[in-house]
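# Secondary and tertiary structure notes
Okay, here's what each chain looks like letter by letter:
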Amino acid sequence: MNKTVVKTGHPKGLYFLFFTEMWERFSYYGMRAIFILFMTKVLLMKDADASEIYGSYTGLVYLTPLLGGYLCDKFLGNRRSIVIGGLLMAIGQFFMFFSASVGANGGVSLMWMGLTAIIIGNGFFKPNISTMVGQLYPANDRRIDSAFTIFYMGINLGAFFSPLVCGSMDFKWGFLAAGIGMLLGLVAFILGQKKYLISEEGNEIGLPVKKLDVKSIGMIIGSIAIIFFMLNFKQMFKSDVDIISYFIYGAMVAMPILIFSDKSLSKIETQRITVIFLLAFFVIFFWGAFEQAGASLTLFADRQTERTIFGWEMPASYFQSVNPLAVISLAPIMTIIWGFLYARKLEPSSPKKMAIGLGLVALGYVVIAIAVKGLGLGEKVSMWWLIGLYVIHTIGELCLSPIGLSMVSKLAPLRLSSLMMGTWFLANAAANKFAGTLSALIPGGEDGTGGATSFLGFQITNLYEFFILFIIMSGAAAAILFVLSSWLEKRMHNDHIEGKTE
């Protein structure tokens, strides 16, 4: 048997996929870093409208991998799915370039076309490239964990550089750079796939399963039409109804009903699935607060953060690079800390880690609330307050984010594993949509004359009260989850996996 690598190393295919994913994330996060600023400054949208669109876009990005994963497994295979997805995302970025070139007069329609292409393209690309990393190795190979760690660094490397590049130029050139970045990754993937995407047994991986049938082609076209319609609905019908919210939140309600109606579930399976749904619910509050990074916190960075360094004004989008840089720097330290606690039987259980993550998000908002208390119109705070928030939030992310997918894979019954993973993505979709809704509550506008807002009776008249909302929301969620954690641990029925704390 020919082996492409020795057992102590990694296949060249891993670094090939690393490179492809790095450029895809460069494209996605480069566009995300400037998106809300583009809508408010070029398309002249109100903060609330731009925030809702941002939430709808990022929410739908987490839904379409369900479609892309299904079509990949049934027909396309990983390679073809990645090519289709990458091409659609590049086309979407070029539509955003044309939208920025046209401006407020006609640019909105081009933006809808761009967002639709990016959303659908992400659905084909995102779930499939990660799957191929595992396929490079034999089953149960001890190197898989370190392979995903290396791959994760590619994600954060792309996310780090992209705001620095795309945010340093005019919006249209920023979108063009994002599109070119996606094309670079796509061309490299097409040229190198036959050479590098080979398992250690010498088999090509990610090949097409069978030809697409008419029904599946219709499903793709129908999905594109539905997403374009939902994004355009308000403008087309001059309506205030947000049908994307109904669609995403409705799916969140329908999914538990669908799964729990399965009569074949045993008592233990039912309890484990209940844990997944409850943790998915709390995850919505975490990401709803965390994802303000690309929405309200970007507006705050642009308008009320002092960004001048030695006479040079740093673009607001540069703050989007703090999180991936902090992930790269802090992830190894967090791994050492968990290992240290595990060796002493003090490592928190997964629900407790997630509660700590929520608590750290609340703490980040405590920092920024202190900074803005008493802040007058036109006054600005030091950038270090915002950087501090992002670093604290990153530590919270490292407590919560890696746990989620691992929890689903451990607790979901094998026959429902794909459906439960879809549920987890659905929770992320709901969280991102919720983030847009919360961002729309930020008081004031470009000129500081915007009116007050309210949320569940809580009046928001200034930035201090706006940030207090996130402290209350994420802090309360952290406290409730921590109290529930012992109850959840019992229903996980996997004490042999979870670190014992007693």
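One can find the structure itself at the top, above this paragraph.
Remember, it's a predicted structure, so these values are computed and weren't measured experimentally. (Residues numbered from 1 in each chain as written. Predicted model: local features only at pLDDT ≥ 70, side-chain atom pairs only at ≥ 80, totals over all residues. Heavy atoms only, no water.)

### Points about unusual backbone geometry
This is how it is decided: Only runs of H or I of at least four residues qualify as helices and only runs of E of at least two qualify as strands under DSSP, and these elements are numbered from the N terminus. Partly exposed describes any residue whose relative accessible area lies between the buried limit of under 20% and the exposed limit of over 50%, with all areas from a 1.4 Å probe on protein chains only and scaled to the type maximum.
With a phi close to 50 degrees, Phe310 is a non-glycine residue in the positive phi region. Mapped onto the secondary structure, Phe310 falls in the loop between β2 (308–309) and β3 (312–313). Of note in this structure, Lys345 is not a glycine but carries a positive phi near 55 degrees. Inspection of the secondary structure puts Lys345 in the loop between α11 (322–343) and α12 (350–372). Lys345 sits in the exposed class, given a relative accessible area of 57%.

### Quick look at the nonpolar core
To be explicit about the condition: Throughout, nonpolar core names a set of buried Ala, Val, Leu, Ile, Met, Phe, Trp, Tyr and Cys residues whose side chains join them through atoms within 4.5 Å. The contact criterion used is simple: two residues touch if any of their non-hydrogen atoms lie within 4.5 Å.
Judged by nonpolar contacts, the single largest core of 139 residues is most densely connected at Phe35, Phe38, Met39 and Met111. Residue contributions to this core peak at 14 residues, all from helix α9 (residues 267–290). Sequence-distant contacts of Met111, that is, excluding residues within four places in its chain, are made with Phe35, Phe38, Met39, Leu43, Met45, Ile53, Met96 and Ser99.

### Some words on the environment of Ala254
Among the structural elements, Ala254 can be located in helix α8 (residues 243–260). Relative accessible area serves as the criterion here: at 42%, Ala254 is assigned to the partly exposed category. Considered as a pair, Ala254 and Leu115 are 139 residues apart in the sequence and their alpha carbons are 26 Å apart.

### Topic: helix α1 (residues 12–41)
Let me state the cut-off plainly: Take the residue count of a helix, subtract one, and multiply by 1.5 Å to get its expected span. In this scheme, the bend at a residue equals the angle between the axes fitted to the seven residues that finish there and the seven that begin there.
Relative to the 44 Å expected for 30 residues at 1.5 Å per residue, α1 spans 44 Å between its end C-alpha atoms, a close match to the ideal helical length. Along its length, α1 reaches its greatest deviation from straightness, about 40 degrees, at Phe35. Within α1, 25 of the 30 residues are buried, leaving the element largely enclosed by the surrounding structure.

### So, the side chain of Ser56
Mapped onto the elements, Ser56 comes out in helix α2 (residues 47–61). On the basis of relative accessibility, which here comes to 5%, the residue Ser56 falls in the buried class. Dropping the residues within four chain positions of it, Ser56 is found in contact with Asp242, Ile244 and Lys433.

### Quick look at the side chain of Asn232
For clarity, the cut-off: Definition of a polar contact: a pair of N or O atoms within 3.5 Å, with one able to donate and the other able to accept a hydrogen when the atoms are protein atoms, and with sequence-neighbouring residues admitted only if both atoms are side-chain atoms.
You can see Asn232 is positioned in helix α7 (residues 214–237). A polar contact of 3.1 Å, which involves the side chain of Asn232, links it to the side chain of Trp112.

### Re the packing of aromatic side chains
For clarity, the cut-off: Only rings of Phe, Tyr and Trp enter the pairing, Trp through its six-membered ring, and a pair is recorded when the two centres are within 6.5 Å. The plane angle decides the type: under 30 degrees is stacked, over 60 is edge-to-face, the rest tilted. Whether a charge sits over a ring comes down to the Lys NZ or Arg CZ being within 6 Å of the ring centre and within 35 degrees of the ring normal.
Applying the stated criterion across every chain yields a total of 29 aromatic pairs. Each ring, one from Trp23 and one from Phe26, has its centre 5.2 Å from the other, and the planes form 65 degrees; the classification is edge-to-face. Separated by three residues within a single helix, Trp23 and Phe26 lie in helix α1, roughly one turn from each other. Exposure remark for Phe26: the relative accessible area of 8% places this residue in the buried category. Considering the side-chain rings of Phe281 and Phe282, the 5.7 Å spacing of their centres and the 75 degrees angle between planes classify their relative orientation as edge-to-face. Judged by relative accessible area, Phe282 falls into the buried class, the value being 6%. When the ring centre of Phe482 is taken as reference, the NZ or CZ atom of Lys352 above it lies at 5.8 Å.

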